[in-house]
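Architecture at a glance
This is what each chain is made of:
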Amino acid sequence: MKVGTKIKTAAISAAVNTALNYLEKDPENNAPKLMDMIDKLVPEDWYKGQRDAIREAINEKGNWFQLIQKIYALDPGVRKAFFTNFITNASLKGSARQEEVAEENNCNVPWAILLDPTSACNLHCTGCWAAEYGHKLNLSLETIDSIIRQGKEMGTYMYIYTGGEPLVRKKDLIKICEMHPDCEFLCFTNGTLIDEEFCQEMLRVKNFVPAISLEGFEEANDSRRGEGVYQKVMHAMDLLKENKLAFGISVCYTSRNFEDVSSEAFYDKIMDKGALFVWFFHYMPVGNDASVELMLKPEQREAMYHRIREMRGKKAIFAMDFQNDGEFVGGCIAGGRHYLHINAKGAVEPCVFIHYSNANIHDCTLLEALKSPIFQAYHDNQPFNRNHLRPCPMLENPARLRKLVKDTGAVNTDYEAPESVDHLCDKCEEYAKNWKPTADKLWNESHPSSGCAACGK
């Protein structure tokens, strides 16, 4: 890391730590004074936009202030690890290093790395792309450790487990937490394997956060995940709350469940259970047998767009929709721009939903994978649409993905039933065409000064 960057990073990290220690003494009364303290500790122009946004949220004593209070109800060790690893390491120190490496190598460097410890799962959910991989693949403990060590050299301190069901490998995941206490680990899980013993392990290592998959209320959830799963998830959430552990909810919304998962009652339910965040993922028709009927109609997706914004204004939970919030992150965040995915056989993919690759982590370094043809194509072509409500090169811009894959010679990484890029993109053509008018209307309404999304004028 360059000397100037080191000095800036050290200064802001020290300021954040001082402020957090101050907040720890009396969260409710000291929170409004927090940003004034940071202002005195760092130069005026450093992270000014972020500081102003935090100040406004705290001073209003609204949803974000209430969410801060919930965070301070967590186990103190878990809370401290989260603040240190997520804010200082991943978002301050890490981001500075990522920018340096990206500039030096003319490639993307991710803020987070998603990886599959295993392709095995104890469930078989309708429409799950992971089920296509088969159940016999695993990344060894040594390989996961190597990925993380390489990632930290580039400034990546955030690691997210997908699968398969990652908790099939509970012991190894806890071991990795012990080996890398300076990283934060989030795990997408169906929640059925969370028990009291595992909660105690999470309390011991402090840097592991589950994101439990939930598809709505009992009928909607179990129709996709299996009978009895909803009640097991409710029990897991109760255990996590009782042990003062941080956790959130992961939702795949479809044409069938979007009403459930976007309702105020659903938000109230997961908040009452103790969830601190909810991440929404649009259903993607990945896999030869994927159900196209689960894709949303334009009016359904527009309803999701409006409802998440409404709920953010009234609920004390961090909510993000990774398709409809593209406008806040400049479009597609895959291809290493903010994240990448490594599957259970080691294939390094640009996205958890885009199963095409030129590189395998067993055969190359992480940096070499980021310089591979398809990753460079992402780097050179993002954003894929000037309307960031149409961010994805597959779902909303299928012609872009066809060209990316064919031009780079990337091969499909589904080892059970390989799917051609044409077969995948064909399923998205009608969806993309139907969504475009609505997306352009919403974009023009929310970004009137950026020019017409349809014609560019």
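Conventions and cut-offs
Residues numbered from 1 in each chain as written. Predicted model: local features only at pLDDT ≥ 70, side-chain atom pairs only at ≥ 80, totals over all residues. Heavy atoms only, no water. Axes fitted to C-alpha atoms, helices over the stretch in contact; angles between N-to-C directions. Helix = DSSP H or I, 4+ residues; strand = E, 2+ residues; numbered from the N terminus. Left-handed = near helix turned anticlockwise from the far one by under 90°. Contact = heavy atoms within 4.5 Å. Core = buried A, V, L, I, M, F, W, Y, C linked by side-chain atoms within 4.5 Å. Buried < 20%, exposed > 50% of the residue type's maximum accessible area, 1.4 Å probe, protein only. 1 Å grid on protein atoms, 1.4 Å probe; cavity = no way out; pocket = protein on both sides within 12 Å on 5 of 7 lines; lining within 4 Å. Points joined across faces, edges and corners; volume = space filled by probe spheres on them. Nonpolar A, V, L, I, M, F, W, Y, C, P; charged D, E, K, R; others polar.

The name that an unreviewed UniProt entry assigns to the protein is Radical SAM protein, with the source organism given as Candidatus Scatomonas pullistercoris.

Viewed as axis vectors pointing N to C, helix 14 (residues 298-312) and helix 18 (residues 421-446) meet at an angle of 35°, and their least axial separation amounts to 9 Å. Where helix 14 crosses over helix 18, the handedness of that crossing is right-handed. Here helix 14 contributes P298, R301, E302, Y305 and H306 to the contact with helix 18, which in turn contributes Y431, N434, W435, T438, K441, L442 and S446.

Soluble globular proteins: nonpolar side chains tend toward being buried together. In terms of nonpolar packing, the biggest core is built from 132 residues, with F208, I249, I342 and L401 touching the most fellow members. Of the residues forming this core, the biggest block, 9 residues, is contributed by helix 18. When sequence neighbours within four positions are dropped, the list of residues in contact with I342 reads I113, L114, L115, D116, L139, I147, A347, V348, I361 and L366.

Here we come to empty space enclosed by the protein. On inspection of all chains with the given rule, the structure shows 2 cavities of 30 Å³ or more. Considering only enclosed or pocket space, the largest cavity measures out at about 60 Å³ in volume. As for the largest cavity, its lining consists of N63, W64, L67, R312, K315, A316, I317, F318 and A319. Those elements that provide at least two residues to the lining of the largest cavity are helix 5 (63-71) and strand 7 (318-321). When residues in the lining of the largest cavity are grouped by element, the largest group, 3 residues, is from helix 5. Here the lining of the largest cavity is built from residues that sort into 6 nonpolar, 1 polar and 2 charged. Taken together, V286, G287, F353, H355, Y356, N412, D414, E419 and L424 form the lining of the second largest cavity.

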